[in-house]
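# Architecture at a glance
What follows is each chain in one-letter form.
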Amino acid sequence: MKEKPELEKEKKTKPRVKMREQDPLKRIRNFEEVPYGYTPDEAADEASRCLQCKRPTCRNGCPVEVDIPSFIKLIKEGKFIEAAWKVKEKNALPAVCGRICPQEIQCESLCILGKKGEPVAIGNLERFVADYEAEKGGIQIPEKPRPTGRKVAIVGSGPGGLTCAADLIRSGHQVTLFEALHKPGGVLIYGIPEFRLPKVIVEREVEYIKKLGVELVLDAIIGKLYTVDELLNDKGYDACFICIGAGLPIFLGIPGENLNGIYSANEFLTRANLMKAYLFPEYDTPIKRGERVAVFGGGNVAMDAARVALRLGAEKVYLIYRRSEAEMPARKAEIHHAHEEGVEFLLLTNPTRFIDDGKGNVCKVECVRMELGEPDESGRRRPSPIKGSEFQIGIDVAITALGTMANPLLTKTMPDLKLNKRGYIIAEEATGMTSKPGVFAGGDIVTGSATVISAMGAGRRAAKAVNEYLKWRY
Ligand code: FAD
Ligand code: SF4
C-alpha cells in the first residue's frame, strides 16, 4: 500500500516539461538534431516533479541500474555536474542513452507518476546532465585503479563493447577494444542518423572511455586479422568478450530486388551516416537521392531510413508496412516524428515485386493489401494478402528495413563456440559465459537485434563475470 503523503504529492504533480524541437518543415531539409534539450531552468523544473519515492520503482526498469532518484535530486538542487557523475557511476554513455533509449518502456514506464499522468522525463534529464557536463568542461576521469596485470580483448565497439571496456578498465585490467570499422561506436555511429544522435556525442563518449585507458584498435576484423584463439593463445589476452552486433541485412526475397536503386537500410544508413554521403561531393561517397522513395519495415531502422531519404531531398517517401501502426516495433516518438515530417504510411501493405525501367533501374514496386488474422508466435496478429488487391507505385529508390541477422564471419572461425540454429552465440544471460572457456558474449550477437541499453546491460554483466573468471583462474 502506498503511504498517504506520497498519494497526496502525486495528485499535485505538474505536467511534464516539454522539450522544444526544430520545426518539422525546416528540419526535413537538414541533418541537425530534432529536439533542442532542456535549459538548466527547465531541467530543474522537471526534476522537481520527482517524488523521491522511498521504493523507487523507476530503478527496476534500468538495465544498468542508474540511481535515478539520486541524480534527479541533484538536478533539483542545481548540482548538475554532480548529477552527471552520479549517472556515470553506472552508465558510461549517458548522452547516448538520454537520446535514444526507449525509456517509455523501461524506467519511465515504471515511474509512479505515470499511473495518473506523465512519468518524470528521466531520459530528457539524463541527456541534460551529460550535455551540461560536457559543455562546462567538467568531465571527470576517475583515478586509475591498481593494475591487475591481466589483459582482456573486446571484439566490437558498439554500446555493449564500450560498456564492458569501461567497467573492466576500472577493475584494473588492461583492455583492448578491436573494431572492424574505421570509427568506433557500432550502430551508434554507422546506423543511427545525425538528427537523432549527433556523431560528436558518440565521439565524446568514446573519448571518455579512451581517457579511462582503454586501447582502441580500429580497422581490425577479428576472424580475419586474428582469430579469438590467436588473441588468447599468442597475443597474451586472458579473456575475451565478443559483442559484434547482428549486422547482416535480411532481404525481401521478391523478384527484381537486384535492380539499381534498391538498398538495404544498413547500406543506405552507413553511406549516409558513417561515410557522410549527404555531404557529397565534399565527402566522396555517392548515394542515390531518390525523388520517390519506398521504405519497407516498421521498426526504428525503417523510420530512420525514411527520415534520411526526406533529408536527402525526396519529394515523397512511403513507409510500407504489412501490419497496422499499432503493431509497429518503432518507438512511438520516432513514428510521431516521421508523421510530422510528412512520411506517408502505407499500412497493411506488402511488396510483391520490383519493376525495371528497361535500363536496370527500379521504377515501380508492386504491392498487395493485407489483412490481419490470428496472433502468431510473436503475439502479433498475422498479416495475410487480400487476393486481387495488387497495385503499383512509381519509385526510384527502395530501402528494405526488415531486420538483420548474425554475421558468421567471426563465429565460423570458432568451431568450439556453440551457436543457436540462427547463428547467434549461445551465452548465459546472467554472465555472458559461452561454451568456450575464457570467452564471453553479449549484445545483439546473442539476443538478436535489440536495444542500446540491453547491449550495455549485457556488457556490464559480462564485465562482472570476466572479473570473477580472472580471480578464479589466477
Ligand atoms: P553494435 O552496435 O552492432 O556494434 C557491434 C560492433 O562490432 C560494430 O561496430 C561492428 O563493426 C563491430 N564488429 C562486427 N564484427 C566484427 C569483427 N569480426 N571484428 C571486429 N569488430 C566487429 N536501439 C535503441 O535502443 N534505440 C534506438 O533508437 C535504436 N535505433 C536504431 C536504429 C538503427 C538504424 C539500428 C540499425 C539499430 C537501432 N537500435 C536502437 C538498436 C541498437 O543500436 C542495437 O541493439 C545496439 O547497437 C547493439 O549493440 P551491440 O554492442 O550489440 O552491437
Ligand atoms: Fe519515483 Fe518516478 Fe521519481 Fe523514480 S522518477 S523516484 S518512480 S517519481
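Remember, predicted model here, so these are calculated numbers, not experimental data. (Residues numbered from 1 in each chain as written. Chains lettered and ligands numbered in written order. Predicted model: local features only at pLDDT ≥ 70, side-chain atom pairs only at ≥ 80, totals over all residues. Heavy atoms only, no water.)

## Overview of the site of ligand 2
- Every residue near ligand 2 is listed here: Cys50, Leu51, Cys53, Pro56, Thr57, Cys58, Pro69, Cys111, Ile112, Val120 and Ile122.
- Of the residues in the shell around ligand 2, the class split is 10 nonpolar, 1 polar and no charged. (Near = heavy atom within 4 Å. Nonpolar A, V, L, I, M, F, W, Y, C, P; charged D, E, K, R; others polar.)

## Some words on the site of ligand 1
- For ligand 1, the set of nearby residues contains 34 residues, the closest of which are Ile100, Glu179, Arg196, Ile222 and Asp444.
- Here an oxygen atom of ligand 1 sits 2.6 Å away from a polar atom, N or O, in the side chain of glutamate 179.
- Within the backbone of glycine 186, a nitrogen or oxygen atom sits 3.5 Å from an oxygen atom of ligand 1.
- For ligand 1, whose free accessible area comes to 1000 Å², the fraction covered by protein is 92%.
- Every element with two or more residues in the shell around ligand 1 is listed here: helix 9 (159-170), helix 14 (300-311) and helix 18 (452-473). (Polar contact = N/O pair within 3.5 Å; in protein donor to acceptor, adjacent residues only side chain to side chain. Areas by Shrake-Rupley, 256 points an atom, 1.4 Å probe, with all protein chains shown as cover. Helix = DSSP H or I, 4+ residues; strand = E, 2+ residues; numbered from the N terminus.)

## Quick word on the pairing of strand 8 (residues 316-320)
- Taking burial as the measure, the 5 residues of strand 8 include 4 buried ones, the bulk of the element.
- In this structure, strand 7 (residues 292-296) lies alongside strand 8, joined through 5 bridges in parallel fashion. Each bridged residue has a counterpart across the sheet, and for arginine 292 the counterpart in strand 8 is lysine 316.
- With 3 bridges connecting them, strand 8 and strand 9 (residues 344-346) associate as parallel partners. Following the sheet pairing, leucine 319 is matched in strand 9 by phenylalanine 345. (Buried < 20%, exposed > 50% of the residue type's maximum accessible area, 1.4 Å probe, protein only. Pairing = 2+ DSSP bridges.)

That's the geometry; what it means functionally is another story.
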